[in-house]
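# Residue-level structural notes
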Amino acid sequence: FARMFVQVCLYFYCKCLWRCLKFVVRKLTGQCELQRICYNTKPGAARTMKIEASLKGSKSKRLQTSVNVHPDAIEKTIDDIMELKRINPDINPQLGVSLQACLLQIVGYRNLIAEVEKLRREPYDSDNPQHEEMLLKLWKCLKPNSPLKARISKQWCEIGFQGDDPKTDFRGMGLLGLYNLVYFAEWDTEIAQQVLSDSLHPKYREVTKKELSHLSKAEWEKKKFDKAIGYSFAIVGINITDLAYNLLVSGALKTHFYNVAPEAPTLTHFQQTFCYLMHEFHKFWIDEDPLDIMEFNRVREKFYKRILKQLQNPEMALCPHFAASESLINM
């Protein structure tokens, strides 16, 4: 009964009191909710997410559907919003610019999900020359000094595939897994090669003084002779692709993308985020110091929760070195 009462109260508040409150505030300030958000919230995720929530929660169907328009229709949509809200664009020129930037991000995020999903659903085809070319590029970027002796070869295990034909490992994430691995190897080559090397020959992390104080002599003796656990680079890359995909589809990456993309986030932004996640997961794996590879799922889940927590901060940008241009500051 208590739960039902709370739900009824929330429904009444959202449908009646909240709308009444917005009406009163508009009369007092002379500004609609969209104006107040744009004028009082700095550009980035904080502003865009508030604009998105305001449009979706509007009683007007035209405003609700504005977050789903085609990118080419955004300018017309802004004009419709200004007309519907009775806002003079000549008096409020900056409002149109700010709304346009927010809508480009909102619509772009939706389109990015569709693009990523399309790649994920496309299976690797060994009869497709483009697919094969990408796979060979991955090898050349990671192992430039070791020529691949044959297309079907045990050498693939050297970069972390499970068997002598990598195509079978792409089933879960389709071409998306290959796209991400190739991007990492091609554009972050030095880091990718280092991560690959460490995954094959892991270095045992140093035990801190604080940890040392909690270890008994027997535990310390065992710790000294423990061997650090490595992992399969390519398989983990496909798994981290799945992690990035889940962050994207759930909407968690909106915080990051709305802070780093001045307009529509693109596949490149997604791939840059993958590079960051691969690098961070590698460091996290070393810090966690798992006993064996069977602990992978535990470490992955802990890492996933840490990233989710970071993304709860509206000012969070996972990889600031990929940050947006300075033009974002002026929107």
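In what follows, the structure referred to is the one given above.
These remarks concern the structure in this document.

Definitions and limits used
Residues numbered from 1 in each chain as written. Predicted model: local features only at pLDDT ≥ 70, side-chain atom pairs only at ≥ 80, totals over all residues. Heavy atoms only, no water. Helix = DSSP H or I, 4+ residues; strand = E, 2+ residues; numbered from the N terminus. Buried < 20%, exposed > 50% of the residue type's maximum accessible area, 1.4 Å probe, protein only. Contact = heavy atoms within 4.5 Å. Core = buried A, V, L, I, M, F, W, Y, C linked by side-chain atoms within 4.5 Å. Domains from an automatic or database assignment. Axes fitted to C-alpha atoms, helices over the stretch in contact; angles between N-to-C directions. Parallel < 35°, antiparallel > 145°, perpendicular 65-115°, else oblique. Nonpolar A, V, L, I, M, F, W, Y, C, P; charged D, E, K, R; others polar. Patch = residues over 30% accessible without salt bridge, like charges linked within 9 Å, V, L, I, M, F, W, Y side chains within 5 Å. Areas by Shrake-Rupley, 256 points an atom, 1.4 Å probe, with all protein chains shown as cover. Salt bridge = Lys/Arg side-chain N within 4 Å of Asp/Glu carboxyl O.

### A short note on the environment of Lys-56
- When you line up the elements, Lys-56 lands in helix H3 (residues 45-56).
- A residue is classified by how much of its surface remains accessible, and Lys-56, at 46% relative accessible area, is partly exposed.
- A C-alpha to C-alpha distance of 7.5 Å links Lys-56 and Val-67, two positions 11 residues apart in sequence.
- Among residues more than four places away in sequence, those in contact with Lys-56 are Gln-64, Val-67 and Lys-254.

### Some details on the nonpolar core
- Core analysis: the biggest nonpolar cluster contains 84 residues, and Ile-51, Leu-138, Leu-178, Leu-247, Phe-270 and Leu-277 have the highest contact counts within it.
- For this core, the element with the highest residue contribution is helix H6 (residues 93-121), accounting for 11 residues.
- Inspection of this core shows a minimum of three residues originating in each of domain 1 (31-120) and domain 2 (124-312).
- Look past the residues within four positions of Leu-178 in its chain and what remains in contact with it is Tyr-124, His-131, Met-134, Leu-135, Leu-138 and Phe-170.

### A word on the packing of H3 against H6
- Between H3 and H6, the shortest axis-to-axis distance is 9 Å and the interhelical angle comes to 85°. What the angle tells us is that H3 and H6 run roughly perpendicular. Residues Arg-47, Thr-48, Ile-51, Glu-52 and Leu-55 of H3 lie in contact with H6, whose contacting residues are Ser-98, Leu-99, Cys-102, Leu-103, Gln-105 and Ile-106.
- Of the residues that constitute the contact of H3 with H6, the class distribution is six nonpolar, three polar and two charged.

### Quick look at the packing of helix H2 (residues 33-40) against H3
- It is at 10 Å that the axes of H2 and H3 come closest, and there the two elements cross at 175°. In terms of orientation, H2 and H3 fall into the roughly antiparallel class. Across the interface between the two elements, Glu-33, Leu-34, Ile-37 and Cys-38 from H2 touch Arg-47, Lys-50, Ile-51, Ser-54 and Leu-55 from H3.
- Across the contact of H2 with H3, the residue classes tally to five nonpolar, one polar and three charged.

### Observations concerning unusual backbone geometry
- Positive phi, close to 55°, is recorded for Arg-86, a residue that is not glycine.
- Position of Arg-86 among the secondary structure elements: in the loop between helix H5 (74-84) and H6.
- Of the residues examined, Arg-86 reaches a relative accessible area of 76% and is grouped as exposed.
- Phi angles above zero are rare outside glycine, and Asp-289 is one such case at about 50°.
- With respect to the element layout, Asp-289 can be found in the loop between helix H14 (267-288) and helix H15 (296-311).

### Section: a nonpolar patch on the surface
- A cluster of nonpolar residues, Phe-5, Val-6 and Leu-10, forms a patch on the protein surface that exposes about 300 Å² of accessible area.
- In this structure, Phe-5 sits in helix H1 (residues 2-29).

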